[in-house]
Amino acid sequence: MTARIDQVVTSGVFELDGGSWEVDNNVWLIGDDNEVVIVDAAHDADKITEAVAGRNVVAVLCTHGHNDHITHAPQLGEKFDAPVLLHPADRQLWEMTHPGAPFSELEEGRRISVAGTDIETIHTPGHSPGSMCLHLPEAKALFSGDTLFSGGPGATGKSFSDFPTIIGSIRDRLFSLPADTRVHTGHGDGTTIGTEAPHLEEWIARGY
């Protein structure tokens, strides 16, 4: 049986480079009736806790270190006695939001088991240096954070981001996945690898 995927939409503020923007974030819960992994503990701890519904939390996974994706990661990690996992290349971003708060390092190729399903980690820098995507081969699902969206790559106009790097990550690491892989994004609507892959050259030409 493949793991169940639940979506919780939370609202708050993204802050970087002296600016702030109102955003809606997708928080994803991967698991079954007994255990769950939280992906991106954004904005609203109570709403996420309600969705956990008393299940054992295996881990709080952070796709990257921007404040709107890690808002309550330390709080929920402590509440549920679960490790908070983030790629170490995003430590500087983490420290901007949670100075001195510990996290465990989430490295390329790590496998996290929940509800009989393996979550595979893929390092996809570009939106941030430590951006990670989470692949569930059995479920044909990818959690792309802010690396890949419906209609293009994640934003690269702010500090710690780079457009050629995100294009390389998407081309080499994500578009090699099966075309029917469902992409669960950090904001907005989902998509599939097969829907997005034909448009890579368009994105490169437009530069964003």
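All chains use their own residue numbering, which begins from 1 and follows the written sequence. In keeping with the predicted nature of the model, local features appear solely for residues at pLDDT of at least 70, side-chain atom pairs appear and are counted solely at 80 or more, and the whole-chain, interface and lining totals rest on all residues. Water and hydrogen atoms were dropped before computing side-chain values, which therefore reflect all heavy atoms in the structure.

**Q** For helix 1 (residues 45–52), give the residues involved together with the corresponding values.
**A** One full turn of an α-helix is made of 3.6 residues, so residues set three or four places apart face in the same direction. Residues of helix 1 that are buried include every one of A45, I48 and V52, and no others. Looking down the long axis of helix 1, one finds its buried residues gathered within 65° of arc, a one-sided arrangement. Turned more than 90 degrees away from the buried face of helix 1 sit D46 and E50, all of them exposed. Buried residues along helix 1 sit in contact with strand 2 (19–31), strand 3 (35–39), strand 4 (56–61) and helix 3 (73–79). The residue sitting at the N-terminus of helix 1 and contributing the capping side-chain oxygen is D44; that oxygen lies 3.2 Å from the backbone nitrogen of D46. Here a strand is any run of E in DSSP of at least two residues, a helix any run of H or I of at least four, and the numbering for each starts at the N terminus. Positive phi appears at A53, one or two residues downstream of helix 1, with a value of about 55°. For every residue, the accessible area obtained with a 1.4 Å probe (protein chains only) is divided by the maximum for its type, and the residue is called buried under 20%, exposed over 50%, and partly exposed between those limits. For this quantity, the arc is that covered by the directions from the helix axis to the C-beta atoms. We call two residues in contact whenever any of their non-hydrogen atoms come within 4.5 Å of each other. We call two N or O atoms a polar contact when they sit within 3.5 Å, provided that within protein one can donate a hydrogen and the other can accept it, with sequence-adjacent residues counted only if both atoms are side-chain atoms.

**Q** Which residues make up the packing of aromatic side chains, and what values go with them?
**A** Centres within 6.5 Å make a pair out of two Phe, Tyr or Trp rings, where for Trp the six-membered ring is used; the pair is then stacked when the planes are under 30 degrees apart, edge-to-face when over 60, and tilted otherwise. For the structure on display, the rule yields four aromatic pairs. Consider the rings of W28 and F143, whose centres lie 5.8 Å apart with planes at 65°: the pair is edge-to-face. One end of the pair, W28, is in strand 2; the other, F143, is in strand 10 (residues 141–145), with 115 residues separating them in the sequence. Taking the relative accessible area as the measure of exposure, F143 reaches 1% and is therefore buried. Only when the NZ atom of a Lys or the CZ atom of an Arg is both within 6 Å of the ring centre and within 35 degrees of the ring normal do we say a charge sits over the ring. K79 extends its terminal NZ or CZ atom over the ring of F80, reaching a point 5.9 Å from the ring centre.

**Q** Which residues make up the environment of R182, and what values go with them?
**A** Looking at the element boundaries, R182 is found in strand 13 (residues 182–185). Taking C-alpha positions, R182 is 29 Å from F80, a pair spaced 102 residues apart along the chain. Setting aside its immediate chain neighbours within four residues, R182 contacts K140, A141, L142, G190, T191 and T192.

**Q** So what's going on with the sheet that holds strand 7 (residues 111–114)? Which residues, and what values?
**A** Strands pair, by our definition, only if DSSP identifies at least two bridges between them. Strand order across the open sheet formed by six strands is 7-8-9-10-13-14, with mixed pairing between neighbours. Sheet topology places strand 7 and strand 14 (191–192) at the edges, where each strand pairs with a single neighbour. By the bridge criterion, four bridges tie strand 10 to strand 13 in an arrangement that is parallel. Residue pairing for strand 13: F143 is matched across the bridge by H184.

**Q** Describe helix 5 (residues 163–174), naming the residues involved and giving the relevant values.
**A** Here the expected span of a helix is defined as 1.5 Å times the quantity of residues minus one. Between the first and last C-alpha of helix 5 there are 15 Å, a value that for 12 residues agrees with the 16 Å anticipated at 1.5 Å per step. The secondary structure elements touched by the buried residues of helix 5 are strand 9 (132–136), strand 10, strand 11 (148–149), strand 12 (152–153), helix 6 (193–196) and helix 7 (200–206).

**Q** Provide a residue-level description of the sheet that holds strand 1 (residues 4–16), including the pertinent values.
**A** Here six strands make up an open sheet; going across it, the order is 1-2-3-4-5-6 and the pairing mixed. Looking at the sheet topology across the chains shown, the edges are occupied by strand 1 and strand 6 (104–105). By the bridge criterion, two bridges tie strand 5 (residues 84–86) to strand 6 in an arrangement that is parallel. Bridged to L86 within strand 6 is E105. In this description, a line fitted to the C-alpha atoms serves as the axis of each element, helices being fitted only across the stretch in contact, and the angle between N-to-C directions of two axes falls anywhere from 0 to 180 degrees. In the packing of helix 1 onto the sheet, the strands contacted are strand 1, strand 2, strand 3 and strand 4, and the crossing angle to strand 1 comes to about 170°.

**Q** Describe in detail the environment of R110, supporting the description with residues and values.
**A** Positionally, R110 belongs in the loop between strand 6 and strand 7. Judged by relative accessible area, which is 35%, R110 ranks as partly exposed. With sequence-adjacent residues up to four places away left out, R110 is seen in contact with L85, E105, I119, E120 and T121. Engagement of the side chain of R110 in a polar contact is seen with the backbone oxygen of E105, the distance being 3.4 Å.

**Q** Report on the side chain of H135, specifying residues and quantitative values.
**A** Its place among the elements puts H135 in strand 9. If near-sequence neighbours (up to four positions away) are discounted, H135 is found in contact with D118, I119, E120, I122, A141, L142, L177 and T181.

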